[in-house]
Amino acid sequence: MRFTKATNYALHTMLALVDAPPVKPIGVQQLAELQGVSPTYLSKILTRLVKAGMIESVSGVNGGYRLSRKKDDITFLDIIHAIEGSASLFECDFVHGEECLIQAVMKEAEEKMESHLKNTKLMDIAHKQTQV
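Residues numbered from 1 in each chain as written. Predicted model: local features only at pLDDT ≥ 70, side-chain atom pairs only at ≥ 80, totals over all residues. Heavy atoms only, no water.

### Details of the packing of helix α1 (residues 5-19) against helix α3 (residues 39-51)
With their axes 10 Å apart at the nearest point, α1 and α3 run at an angle of 75° to one another. Between α1 and α3, the crossing angle belongs to the class labelled roughly perpendicular. Contacts between α1 and α3 involve K5, A6, Y9, A10, T13 and M14 on the former and, on the latter, Y41, L42, I45, L46, R48 and L49. Residue composition of the contact of α1 with α3, by class: nine nonpolar, one polar and two charged. (Axes fitted to C-alpha atoms, helices over the stretch in contact; angles between N-to-C directions. Helix = DSSP H or I, 4+ residues; strand = E, 2+ residues; numbered from the N terminus. Parallel < 35°, antiparallel > 145°, perpendicular 65-115°, else oblique. Contact = heavy atoms within 4.5 Å. Nonpolar A, V, L, I, M, F, W, Y, C, P; charged D, E, K, R; others polar.)

As structure tokens, this is what we get:
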């Protein structure tokens with residue numbers, strides 16, 4: 001199973017924003033340089049995070065992006081859903097009765113993964129990062 005690079009950049013961007021002072025927005029150029037990605041590509045990812053209500057865009061000379069939700073409320077799953085959507089990772093294409101046994105196993109595995117990602121807050125990682 002793989003998540004797209006966009007999810008990787010979104011998670012790292014959100015971690016940078018969680019660590020940043022809440023008053024001063026961070027520009028897309030600075031966020032892009034932190035990750036070695038083009039500002040144009042990162043802008044598309046930031047737009048998805050804005051639409052999901054996790055960050056806000058601040059216009060002007062000192063503009064940029066900052067969190068629009070409380071740091072303690074942002075989970076890995078929130079960010080992944082903002083970028084990847086919430087569709088199931090596995091769908092059985094065979095028609096063979098009420099419930100496919102393979103689909104049931106895959107669904108259970110996905111539910112466990114989602115539960116873990118939902119219970120892991122970005123702040124948990126931010127605290128570990130500052131301790132290193």
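### Section: the side chain of T75
Its location among the elements puts T75 in the loop between β2 (64-67) and α4 (76-84). Once residues within four sequence positions are removed from consideration, T75 is found in contact with L117, K118, T120, K121 and L122.

### Looking at α3
The periodicity of an α-helix, 3.6 residues per turn, causes residues three or four positions apart to be oriented the same way. In this model, α3 (13 residues) spans 18 Å end to end at C-alpha, consistent with the 18 Å of a helix rising 1.5 Å per residue. Restricting attention to buried positions, one finds in α3 the residues L42, I45, L46 and L49. Buried positions in α3, seen along its axis, are confined to an arc of 105° and lie on one side of it. Turned more than 90 degrees away from the buried face of α3 sit T40, K44 and K51, all of them exposed. Within two residues after α3, G53 carries a phi angle of roughly 80°, on the positive side. (Expected span 1.5 Å × (residues − 1). Buried < 20%, exposed > 50% of the residue type's maximum accessible area, 1.4 Å probe, protein only. Arc of directions from axis to C-beta.)

### Focus on the nonpolar core
One finds M14, L42, I45, L49, I55, I79 and L122 to be the most contacted residues of the largest nonpolar core, which totals 32 residues. Elements with a contribution of two residues or more to this core: α1, α2 (28-35), α3, β2, α4 and α6 (122-131). Broken down by element, the residue count for this core peaks at eight residues, all from α1. Beyond its immediate sequence surroundings of up to four residues, M14 is in contact with L49, M54, I55, L67, I74, I79 and L122. (Core = buried A, V, L, I, M, F, W, Y, C linked by side-chain atoms within 4.5 Å.)

### Structural notes on the confidence of the model for the protein chain
Segments scoring low in pLDDT should not have their predicted coordinates read at a detailed level. Residues with a pLDDT of 70 or more make up 95% of the protein chain, whose mean pLDDT is 90. Model confidence for the protein chain, summarised as mean pLDDT per element, is weakest for α6 at 74 and strongest for α3 at 97. (pLDDT = per-residue confidence, 0-100.)

### A look at the pairing of strand β1 (residues 55-58)
Judged from the four bridges that link them, β1 and β2 form a sheet pairing that is antiparallel. Looking at β2, one finds that E56 is bridged to R66. Hairpin connection, β1 to β2: the antiparallel pair is bridged by five residues, and G60 has positive phi, about 110°. (Pairing = 2+ DSSP bridges.)

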